[in-house]
Amino acid sequence: MSLILALAIALTVAAGVYLALSRDLFRCIVGLAVLGSAVNLVVFAAGRFGPIQPPIVSAGAEKLAEHAANPLPQALVLTAIVISFALLCFSLVLGARLRQQSGSDDSNQLRNAEPLPADPVKPPVLD
Amino acid sequence: MQATDLKPHAAKARYLSVALPPLAGFLLLIWGLIHHPLPWQGSLDWAPSLGLTFAVYVDGLSAQFLALITGIGALVFLYATGYLAGEPRQGRLFLILTVFMLAMIGVVIADHLLLLFLFWELTSLTSFLLVGFYHENEQSRTSARQALLVTMSGGLALLAAILLLGEISGGYSLQALIAQGPTLADDPRLPAALILLLVGCFTKSAQFPFHFWLPNAMTAPTPVSAYLHSATMVKLGIYLLARLDPALNHLLLWESALMSIGTLTAVWGAVLALRERDLKRILAWSTVSALGTLTLLIGLPNPGAGLAVAAFLFAHALYKAPLFMVAGNIDHATGTRVIDHLMGLHRAMPWTAMAAILAGLSMAGLPLSFGFVAKDLISVAKADAEVLTVVSYATLFVNAIAAAVAGIATLRVFGGPPRWPRGEAHEVSWRMALPPLLIALVAIEFEFLPGVADPLLGAAAIAIAPSLGVIRDIDASYPSGKVITATEITLLVGLILFLIWDWLHGLLQRIHWLDRIGPTACYELLLKQLTRVAAWQTGLLQRGRLAGYLSWTLTGLLALAIGASFAMHQASEPGWGGLLDWSTLVFADWPAQHWAWLTAAVLMIAGAAASMVLRHRMALLMASGLVGYGSAVLFLFTGAPDLAFTQFAVETALVVVAAALLPHYGAPPVLSNEPVLRNALLALASGAGVLLLLVHLFALPADAQLATWFGEASLPLAHGRNVVNVIIVDFRALDTLGEITVVMFSLLAALPLLGALARSVKREG
């Protein structure tokens, strides 16, 4: 069964990368979102897909039951989900503003930080 | 003459004192030599855990170098106060010169190889600063960079050699290494160590093909040339070669490399001296030639050569340093160093002329000079060693050219009717006239009072060739009678070369191809190609395109993933067959949980596939949301309800935010010539890499250590039953604080952008 899940995660990664490589800024950002979900799943998979029992110490018990799920990857992924949400929202706003200013969706056109070199040997000089 | 003109006496007194430290060092050395027999040794723990000790060992060879460094140093410092009078930056020069002197002392007294290396590099660095002292001059900067690149590359080779030698001998003590001597030969790593060592020494001592930096370094102020590039630093390579010669001279590689490169350098330097018109550069080429002779002498197998090395080392420093100073004085007085414009200066500059003639006597190897003794010893050493005829003739030729150069620097420049470009040439100040005269006089005095020089030379010679035994009187041990004819022939040839100098010069000047194929040309080509390769690879890796950077990053990650999978494959037992356990795919055996997983997988796959093909933006958003929902379902059925609810919420919110911003993005652009196939291939490869990683990961046993610990510690330490929550808010609370900060900052960063968006929308509307 893990094999099917691994395949699904791999496909999600492929879709995320494919979208992120796009020159269209919007697709690029959506790609990051998909890639983010996929990477979260990879981290989660490192703790193995296992029991359905949540990692909660049951009343009266002193420690977590043997058959509960692995809590550590859950904690890591929970943090990651929230952070990636915040950053994606910011990216979407930034992308919208960029597009409004430059008038282009093409990420190849965004060259303010690295203008095309005038001299083939020397690196471009930034003002 | 600028600021210092106001208070000339104060400035003079201030800078005269800079000569005191080397002078004090020199006097201390003399006192020590008289009262304490060599060798002196001592050691101080520096970093014991690394096996580093500040180990010091001073024997005859070190003492000889110390005498040169401090003795000539004191006079060079004095000379520099005159030469640089009025130069506003002379304080800087003296500071660097002093650091250089200390580094030199460090090299020659160090017994620990790494300590030696440290000081060795410090001399390269200070040499760079000194050669580039007139940094407003482009030629000066180029030369300084050249000297730095050549000697520092050699320094790297030397470091590798030192590490190898340390591995081979099991320690970094020079004396221990020398004591091991012949037993080293069995190690297969020795040839590599030797070659690296030779490269290190040859770059420092300007041996062919690394010699070119030395004449170019003549852009340095003259005191620097006299000190670094004749008397001390360029002899460091010679020092290390001579120092290690007792341990290595039984090796054929060592001997043949030293003899062949030494001879080649000696001849090459001598010939190229003929191509120059600048007195200082002529002297520099003859220095290259002399360094070649020294290398050749170290390569000679017989112990007599050790004595010749010690004597010639001394003689060369004692005549070349004054000659450089003489060149500097002429430059000062007449404004030029080009020998065509200079004649008959003896009347105008009598003291400088006297120094030049005394030093010239020694350089030509005429009787009554110390150079005569040195040349004599060289001839004897070569006669004893029965060297190849070629080497023999080469030395004769080299010595003849040295004699001719001595003639140029003395007879031609100072003799004859007065002629020089400036109206009035005058004698330089005593601070510039005295040092060359003093050094040259010392050389003469050594010849007349052998009792002063012989013990020091003897001690140095024994350090180079331990089998020599104690020498009290050099003249007595090596009677010069049988080689007197060789000296006569040398002088005769030298005289002829002196007379036909201009004709020879014209002849050599016309050989232009020499400039195109020489090592200098190779160096320049290498430098140019280096920048071109750098530009090419920068252009390849950094195109300034987002997708390009992402592609390279992904390629790197992919390589890492494949490497990690390979490592895991080595560690896991079952091999490929065990990895793919097809039996788990039999639907009939599945529990309900697995059906839920399958649903999640299907959702994700559908979302992923749809997002790749859909172009409409809202549809694309929905498809990507499907992926998030799929993973949320998976979380829900793997015991992670918190994750599932967060993911559901986030995914929904993200779609809402994106949909709200969609109007700002407009319709999807039609981007022609997008490398779809290449992107798809890279995406597939990334997916395959992750699949490979996951399949291998699942084959390994899960490490439950941390999970168990958190499960046990949650209640007693943090008083919480929800272990995930406890981890987030307690065990990794700082992390969570960081996370909240990131969320807050992205909001703060987005606010002004949103404001700008809204304003422009209002303007348009």
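Residues numbered from 1 in each chain as written. Chains lettered and ligands numbered in written order. Predicted model: local features only at pLDDT ≥ 70, side-chain atom pairs only at ≥ 80, totals over all residues. Heavy atoms only, no water.

S.K.: Would you mind going over the packing of helix H31 (residues 705-718) of chain B against helix H32 (residues 723-731) of chain B with me for this structure?
M.R.: What describes two packed helices is the angle between their axes and the distance between those same axes. All names here are of chain B. At a closest axis distance of 10 Å, the pairing of H31 and H32 adopts a crossing angle of 65°. When the interaxial angle is binned, H31 and H32 end up roughly perpendicular. In this structure, the crossing between H31 and H32 has a hand that is left-handed. Of the residues in H32, those touching H31 at Trp709, Phe710, Gly711, Ala713, Ser714, Leu717 and Ala718 are Val723, Val726, Ile727, Asp730 and Phe731. For the contact of H31 with H32, the per-class residue count stands at 9 nonpolar, 2 polar and 1 charged. (Axes fitted to C-alpha atoms, helices over the stretch in contact; angles between N-to-C directions. Helix = DSSP H or I, 4+ residues; strand = E, 2+ residues; numbered from the N terminus. Parallel < 35°, antiparallel > 145°, perpendicular 65-115°, else oblique. Left-handed = near helix turned anticlockwise from the far one by under 90°. Contact = heavy atoms within 4.5 Å. Nonpolar A, V, L, I, M, F, W, Y, C, P; charged D, E, K, R; others polar.)

S.K.: How do you make sense of the layout of surface pockets when you look at a structure like this?
M.R.: The rolling of a water-molecule-sized probe over the atoms marks out the regions of remaining empty space. Looking at the second largest pocket, its volume works out to about 610 Å³. Together, 30 residues line the second largest pocket, and Asn70 of chain A together with Asp703, Ala704, Ala707 and Thr708 of chain B are the ones closest to its centre. Here the lining of the second largest pocket takes 6 residues from H31 of chain B, the largest share from any one element. Looking at the lining of the second largest pocket residue by residue, the class counts come to 17 nonpolar, 8 polar and 5 charged. (1 Å grid on protein atoms, 1.4 Å probe; cavity = no way out; pocket = protein on both sides within 12 Å on 5 of 7 lines; lining within 4 Å. Points joined across faces, edges and corners; volume = space filled by probe spheres on them.)

S.K.: Help me understand helix H29 (residues 641-665) of chain B, please; the structure alone is not making it clear to me.
M.R.: An α-helical turn contains 3.6 residues, so any two residues separated by three or four positions project in the same direction. Here H29 of chain B spans 35 Å end to end across 25 residues, near enough to the 36 Å set by a 1.5 Å rise per residue. At Ala659 of chain B, H29 of chain B is bent by approximately 30°, the largest bend along its length, and proline Pro663 of chain B sits one to four residues beyond. Of all the residues in H29 of chain B, the buried ones are Leu643, Ala644, Thr646, Gln647, Val650, Glu651, Leu654, Val655, Ala658, Leu661, Leu662 and Tyr665 of chain B. Against helix H2 (25-46) and helix H3 (71-102) of chain A together with helix H28 (617-636) and helix H33 (733-764) of chain B lie the buried residues of H29 of chain B. One or two residues past the end of H29 of chain B sits Gly666 of chain B, with phi positive at roughly 75°. (Expected span 1.5 Å × (residues − 1). Bend = angle between axes of the 7 residues up to and from the residue. Buried < 20%, exposed > 50% of the residue type's maximum accessible area, 1.4 Å probe, protein only.)

S.K.: What am I meant to see in empty space enclosed by the protein here?
M.R.: Applying the stated criterion across every chain, the model contains 5 cavities of 30 Å³ or more. The computed volume of the largest cavity comes to approximately 90 Å³. Together, 13 residues line the largest cavity, and Ala33, Ser37 and Ser84 of chain A together with Gln647 and Glu651 of chain B are the ones closest to its centre. Elements that contribute at least two residues to the lining of the largest cavity include exactly H2 and H3 of chain A together with H29 of chain B. Broken down by element, the lining of the largest cavity gets its largest block of residues, 5 residues, from H2 of chain A. Residues that form the lining of the largest cavity fall into these classes: 7 nonpolar, 5 polar and 1 charged.

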